[in-house]
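Spelled out, the chains give:
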Amino acid sequence: MDGTEGNAGQPGPAERSHRSSVSSVGTRASVAAADVLVYLADDTVLPLAVDNLPSLSAHELHRAVREVLQLPDIALDVFALWLVSPLLEVQLKPRHRPYKLGRQWPELLLRFTDAPEDDVAADEPSLQFRRNVFFPKRRELQIHDEEVLRLLYEEAKGNVLAARYPCDVEDCEALGALVCRVQLGPYQPGQPTACALREKLDSFLPAHLCKRGHGLFAALRGRGAKAGTGEQGLLSAYCQVKEAAGSDGEHGASLSPHYRAYLLKSHELPFYGCAFFHGEVDKPAQGFLHRGGRKPVDVAISLEGVHVIDSREKHVLLGLRFQELSWDHTSPEEEESVLWLEFDGDNEGTPVNKLLKIYSKQCYLLKRLPSLH
């Protein structure tokens, strides 16, 4: 099937909340005369009127998007078209036909997810213009076009705020401070105050750093904690954001240096630019009956390596570069779909060989990544 040759993954919470019921490939009534709705990283919708939609390739549609946005030629390499739903993500190859894959979506879900039939029947993908997972990070720093940098910044910001990229508090504050600079302009002493930042804190920091609980248990958990640490830390980082040399700091000045600074900081996160796949791993056996069960995980694959992230706790369970591991997978035809990762570890100081078993119907798609050949 054509659609299985892209990259698949698990969409973030923000995407699940408002895009899942929107058709972007003509399977429902569309906006005005538009045949295709393309979502950009900043959540804006680009309606396109095209001829002969069923035979239109992803390459042709990509070109139409670039022309409307007036993007330079480098955008052909930087971005790709993706079909995204709450259940599955697929990066399209240039020859793929988005309309055809949209019509085949239920088949893809049955093949690559364990979703119940009712969820499969209700699921509908949106077409998104997103970062190409095969685009090297080092080339991003050579980009000078402000709109390309802005789209990359918006996508990275969305992944940080959705906790798809797990970050420690200091990294979240440093990244949030750059968002403050982009949205609010250069820092001015006393403007904004911590209280003003608090009003829209979730625009700058992931939700788990913005939560302010109520009631007895929240009060007990909060004893001894400094009130407003989220906004105070953010404000402190904001005042340290440096202005570009020769910039007067006015709102009309180019924001490219701040977009680039955000991307450069994001590059320190090992899962930046990854394709994400949903799976499960075995929990350690516990208790008298040695019952373990399984833990849901997100598997982040980049050109450099693999990271396994606890889906609920949002922390990294394992991170390995490709030269540090070997891998194999069992296909659905043989038995339950499993991705095996073999790597060196230690047990109380003694070198040992370790094996991680990741259960996922999407693991078959991992072999499509060049790094895994």
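Position numbers for residues count from 1 along each chain, tracking the sequence in the order it is written. Selection of residues for local features in this predicted model requires a pLDDT of at least 70, selection of side-chain atom pairs for listing and counting requires 80 or more, and totals for whole chains, interfaces and linings are taken over all residues. Water and hydrogen atoms were dropped before computing side-chain values, which therefore reflect all heavy atoms in the structure.

Going by the annotation in an unreviewed UniProt entry, the name recorded for the protein chain is FERM domain-containing protein 8, with Mustela putorius furo given as the source organism.

Enquirer: Whenever I open this one, the packing of helix H8 (residues 146-161) against helix H13 (residues 256-266) confuses me. Can you help?
Expert: For any two helices packed against each other, the geometry comes down to the angle between their axes and how far apart the axes lie. Contact geometry for H8 and H13: axes closest at 9 Å, N-to-C directions at 45°. With respect to their mutual orientation, H8 and H13 come out oblique. Note on packing geometry: the crossing formed by H8 with H13 is left-handed. Packed against H8, whose contacting residues are Glu146, Leu149, Arg150, Leu152, Tyr153, Ala156, Lys157 and Val160, the element H13 presents Ser256, Tyr259, Arg260, Tyr262, Leu263 and Ser266 at the interface. The residue classification treats Ala, Val, Leu, Ile, Met, Phe, Trp, Tyr, Cys and Pro as nonpolar and Asp, Glu, Lys and Arg as charged. All others, Gly included, are polar. Partitioning the contact of H8 with H13 into residue classes produces 8 nonpolar, 2 polar and 4 charged. For helices, the fitted axis covers only the stretch in contact; all axes are lines through C-alpha atoms, and the angles between them, taken along N-to-C directions, range from 0 to 180 degrees. Each helix is a run of H or I in the DSSP string that is no shorter than four residues. Each strand is a run of E no shorter than two, and both are numbered from the N terminus. Here the word oblique covers every angle except those under 35 degrees (roughly parallel), over 145 (roughly antiparallel) and from 65 to 115 (roughly perpendicular). Here is the rule for handedness: rotate from the far helix to the near one, and if that takes an anticlockwise turn smaller than a right angle the crossing is left-handed, while a clockwise turn gives right-handed. When checking whether two residues touch, look at their non-hydrogen atoms; a contact exists if any pair is within 4.5 Å.

Enquirer: Explanation requested: the environment of leucine 209 in the structure shown.
Expert: Mapping leucine 209 onto the fold places it in the loop between helix H10 (194-199) and helix H11 (215-222). Throughout this description, buried means an accessible area under 20% of the type-specific maximum (1.4 Å probe, protein chains only), exposed means over 50%, and partly exposed covers the range between. A residue is classified by how much of its surface remains accessible, and leucine 209, at 23% relative accessible area, is partly exposed. When the C-alpha atoms of leucine 209 and glutamate 231 are compared, they prove to be 9.3 Å apart, with 22 residues separating the residues in sequence. The residues contacting leucine 209, other than those within four sequence positions of it, are Val169, Cys172 and Leu201.

Enquirer: Teacher, can you tell me more about the packing of aromatic side chains here?
Expert: The pairing test for Phe, Tyr and Trp rings, Trp by its six-membered ring, is centres within 6.5 Å, and the orientation test on the planes gives stacked under 30 degrees, edge-to-face over 60, and tilted for anything in between. The tally for this structure, following the rule as stated, stands at 7 aromatic pairs. The interplanar angle of 65° and the centroid separation of 6.1 Å between the aromatic rings of tyrosine 165 and tyrosine 272 together place this pair among those described as edge-to-face. Residue tyrosine 165 is found in the loop between H8 and helix H9 (169-184), and its partner tyrosine 272 is found in the loop between H13 and strand E7 (275-282); the two are separated by 107 residues along the sequence. Judged by relative accessible area, which is 4%, tyrosine 165 ranks as buried. Cluster of aromatic residues (ring-pair linked, three or more members): Tyr165, Phe271, Tyr272 and Phe276. Comment: the charge-over-ring label is applied if NZ (Lys) or CZ (Arg) is within 6 Å of the ring centre and within 35 degrees of the ring normal. Looking at arginine 130, its charged tip hangs above the ring of tryptophan 82, at a distance of 4.4 Å from the centre.

Enquirer: Hey, could you run me through the environment of tyrosine 262 in this one?
Expert: Relative to the helices and strands, tyrosine 262 is located in helix H13. In this structure, the C-alpha to C-alpha distance between tyrosine 262 and leucine 149, residues 113 residues apart in sequence, is 9.8 Å. Excluding residues that lie within four positions of it along the chain, tyrosine 262 makes contacts with Tyr153, Ala156, Lys157, Val160, Leu175, Leu178 and Val179.

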